[in-house]
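This is what each chain is made of:
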Amino acid sequence: MEATISLRLPRDAASVPVIRQLLDASLCALGVESQIREDIQLMLSEACSNVIQHAAPSDDYMVSTELYHDRCVIKVVDAGDGFDFSGPRSSPPSTSEHGRGLLIMRALADDIRFVNRHERGSVVCLEKKLRFVKDAPGLSLLLSEELEFGEGVPEVVGDDPHIRDHLPTGDHAHVK
């Protein structure tokens, strides 16, 4: 089984709790450990908050989550002016209420990738390994194909995240 949730959301702070609650309910139903769910909620909140604060002039953004095997992959795609993720990062002052989003995402994600689409927005791809409580439905539902067929998760080739159909033509990653 593979579970996918994709939403196009308005670039409004009220959209963040909606996607957080939807994803958390899905993870909870599958029996994902609470600490992992909390990490995922915080990473998702930070990525969405960055879009809301910085992705002008875009009116909306897309969040796509894919649950397969033992992974949760979150892609937050905006159509703003783009963001340079390659520059040096200095830590914000300890009293600052802003500027910690990228640091938090990097600390919590097992893998994080950024794509700047040059004046057509940005993509943040966050990946977290799932851990399940004992006898969780997700153990048999998400891992059943892997156990039955001995297959792994598709691997990304190149620098772009595996973003499927959430970007315009020409911006897709190659998957092997």
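Residues numbered from 1 in each chain as written. Predicted model: local features only at pLDDT ≥ 70, side-chain atom pairs only at ≥ 80, totals over all residues. Heavy atoms only, no water.

1. Considerations on the pattern of salt bridges
(1) Moving on: Applying the stated criterion to the full structure yields 11 salt bridges.
(2) Moving on: The shortest N-O distance in the salt bridge between arginine 71 and aspartate 70 comes to 3.9 Å.
(3) Moving on: The class for arginine 71 is partly exposed, based on a relative accessible area of 21%.
(4) Moving on: Judged by relative accessible area, which is 18%, aspartate 70 ranks as buried.
(5) Moving on: Salt-bridge contacts for aspartate 111 lead to arginine 113; the nearest nitrogen and oxygen are separated by 2.1 Å.
(6) Moving on: In this structure aspartate 111 comes out as partly exposed when scored by relative accessible area, which is 31%. (Salt bridge = Lys/Arg side-chain N within 4 Å of Asp/Glu carboxyl O. Buried < 20%, exposed > 50% of the residue type's maximum accessible area, 1.4 Å probe, protein only.)

2. Topic: the confidence of the model for the protein
(1) Moving on: Summarising the model, the protein shows a mean pLDDT of 79, and 71% of its residues fall at 70 or more.
(2) Moving on: For the stretch residues 146–176, pLDDT sits under 50, and the model shows 53 contacts to residues farther than four places along the chain or on other chains. (pLDDT = per-residue confidence, 0-100. Contact = heavy atoms within 4.5 Å.)

3. Observations regarding helix H3 (residues 101–108)
(1) Moving on: Residues of H3 that are buried include every one of Gly101, Leu102, Met105 and Leu108, and no others. Down the axis of H3, the smallest arc covering the buried residues is 140°, so these residues share one side.
(2) Moving on: The secondary structure elements touched by the buried residues of H3 are helix H2 (34–54), strand E4 (111–116) and strand E5 (122–129). (Helix = DSSP H or I, 4+ residues; strand = E, 2+ residues; numbered from the N terminus. Arc of directions from axis to C-beta.)

4. A few points about unusual backbone geometry
(1) Moving on: With omega at 5°, the peptide bond leading from alanine 56 into proline 57 counts as cis.
(2) Moving on: Mapped onto the secondary structure, proline 57 falls in the loop between H2 and strand E2 (60–68).
(3) Moving on: Positioned with a positive phi, histidine 69 is a non-glycine residue whose angle comes to about 50°.
(4) Moving on: Looking at where histidine 69 falls in the secondary structure, it is placed in the loop between E2 and strand E3 (71–78).
(5) Moving on: Positioned with a positive phi, aspartate 135 is a non-glycine residue whose angle comes to about 60°.
(6) Moving on: Owing to a relative accessible area of 69%, aspartate 135 belongs among the exposed residues under this scheme.

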